[in-house]
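# Geometric and topological summary
One-letter residues, chain by chain:
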Amino acid sequence: MTRDGSADVSSVSTDFSERLAEATRPLPRWESLVSFASAALVVAEVEARKLRHDPWEVVTRALQPLLWLTVFGQAVARARLLSEQEDYLTFMAPGILAQSVMFTSIFYGLAIIWERDAGILQKILVLPVPRASFVTGKALGAGLRALLQAAVVVTVALLLQVRFHLDLFSLVTCALAVLLGAGVFASLSMLLATLLKTRERFMGIGQVLTMPLFFASNAIYPIHLMPAWLQVLAQVNPLTYLVELLRDTLVDGQRFGVIQDWLVLLAWLVLLQAIVSRRYDRVLL
Amino acid sequence: MHLVEIEGLVKRFGDIVAVDEASITIEPGEAFALLGPNGAGKTTMIRILVTLLPPTSGIVRVAGLDVTRFPDRIRRILGYVPQTLSADPALTGYENLLIVSKLLRMPRNERELVIAEVLRLVDLEEAADRLVRTYSGGMVRRLEVAQAILHHPLLLVLDEPTVGLDPTARRSVWEALFALRRRDGTTLLFTTHYMEEAESYADRVAIMNRGRVVACGTPAELVRAVPGATTLDDVFTALTGDVLESGGSFGDTRRLRRRLQRFD
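Residues numbered from 1 in each chain as written. Chains lettered and ligands numbered in written order. Predicted model: local features only at pLDDT ≥ 70, side-chain atom pairs only at ≥ 80, totals over all residues.

### Re the interface of chain B and chain A
- Of the residues lining the interface, 39 residues belong to chain B; the matching set on chain A comes to 34 residues.
- Secondary structure elements with two or more residues in the side of chain B that touches chain A: helix 2 (71-75), strand 6 (78-81), helix 3 (93-103) and helix 6 (167-184) of chain B.
- Among the elements that line the side of chain B that touches chain A, the one with the most residues is helix 3 of chain B, at five residues.
- For the side of chain B that touches chain A, a count of residues per class yields 21 nonpolar, seven polar and 11 charged. (Contact = placed C-beta atoms within 7 Å. Helix = DSSP H or I, 4+ residues; strand = E, 2+ residues; numbered from the N terminus. Nonpolar A, V, L, I, M, F, W, Y, C, P; charged D, E, K, R; others polar.)

### Some points on the sheet that holds strand 10 (residues 212-217) of chain B
Residue and element names in this part refer to chain B.
- Spatial ordering of the open sheet is given by 6-7-8-3-9-10, a layout of six strands whose pairing is mixed. Edge positions in the open sheet fall to strand 6 and strand 10, since each of these has one partner strand only. Strand-to-strand twist across the sheet, computed as the mean angle between neighbouring axes with direction ignored, equals 15 degrees.
- Across four bridges, strand 3 (residues 31-35) lies against strand 9 (residues 204-209) in parallel orientation. Each residue of the ladder has a partner; that of L35, found in strand 9, is I207.
- On top of the sheet, helix 5 (residues 137-148) reaches strand 6 and strand 7 (155-158); it is set at about 160 degrees to strand 6, its chief contact.
- Across the face of the sheet, helix 9 (residues 232-240) comes into contact with strand 3, strand 9 and strand 10 while running at roughly 25 degrees to strand 9. (Pairing = 2+ DSSP bridges. Axes fitted to C-alpha atoms, helices over the stretch in contact; angles between N-to-C directions.)

### Considering the sheet that holds strand 5 (residues 65-66) of chain B
Residue and element names in this part refer to chain B.
- An order of 2-1-4-5 is seen for the four strands of this open sheet, with the pairing classed as antiparallel. The sheet is open, and its two edges are formed by strand 2 (16-26) and strand 5, each paired on a single side.
- In the sheet, strand 1 (residues 4-13) pairs with strand 4 (residues 57-62) via five bridges, with the strands oriented antiparallel. Across the sheet, the residue bridging to V10 is S57, located in strand 4.
- Along the sheet, helix 1 (residues 42-49) makes contact with strand 1, strand 2 and strand 4, crossing strand 1 at roughly 115 degrees.

Shown next, in the form of structure tokens:
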């Protein structure tokens, strides 16, 4: 092969400065906002496309909540350990639903580390796209995955004769709560990824973190049964508020849940997103 | 104007000096090869150039824009193919391109045209709808080149584009790159461990060792400057071989390096 390219260089350099000026002109501020929103949606779309290529992942991930409902749920219900709950399975089902949302989303940080190791992250960070959009897009993607997961868990719960109030309102409210919750846990997980930076460390901490998040919440028993110090932990735990919203709508048949629960989750999301967007590129270092 | 200007670039990671007072310039339309043993600082220099890492000190400009002050604007004229395989294996080749084109906010009708065009350029039209995890190494690389050129960058930076590929796949990657140069006159900056690639495909070459640029010039100039050298490989060995091992020739090497640095 000859050095074909160099023959064209003279003709290229004539319009070179023109192209350069056009390509590097400063953009108006609104354009970066539009760019941010559209890029976030595209990043979420990647998740949707991956799910379409491999839908079995959702099914295999549904096995764990299924085991919680069938093994743990049935045993506790039979033993009447929590005698105040007349239908324990129905009480715990929203908790298990929230848990599966958390477990799905808490691995998003690992995905960022994996994408860094694979070079996907570097390639994307060099594109002329606002970097914060990847953080928001990943949170949206986690929400999408969690929604599918939730649909499977709700179906399983219904098969196990859990008594859910299901109508259009409760479904929409639940879907929004799941989206919001998944966004919170995915952001938390990405924050951990920027701090820990390697897969090994992340796996270690990730396992350790999910346990207190799950047990220091109202997922499988009411908060007032806990010792005082644990109650404090449960009160700041975002999982508590997700469970609260799901239980209010699915079990108690409230239409919109309690506004405070929405606000706490939203505050977590905004706070974590803000931190992660600033620290995001540090996962590279 | 130089398209790339690197002047007195220093990058430290804690106590380690990865890039040490390195300076090079690259002109529009050039194919420029960056050579050096592992750990010489090539990848670090490239990452600073493509706005992924901040420099510790020194000046790095692309098209006259400083990388620390105008990273967003530089990213619009830059394409980057990292050393690791960066295409998403869980998506098809077409989807990998579609995602990038959407991130770049290309209008829908333009998108399909541009994707079809780059698929033809890198010879992946037939494999476009297969998942990337079924691709061969050469195909993945060509797809990554395609991803990096969707926005017609003026400068395409490739970190070891042919590492780990067999000779046929290597040739296919270079054919795609030269088809690109014929079409757009894109400036290329690449690193490689294959001396014959630098010799046949690069207009100019810089050799790095221990964070420093120890020589820079056309392959022919470098060969002429090193006594007894007949190929770029000889030049590379003379400049980066262990100084202590060549016994007593430290002074010679120093003189040699000084002579070579005049090409800078």
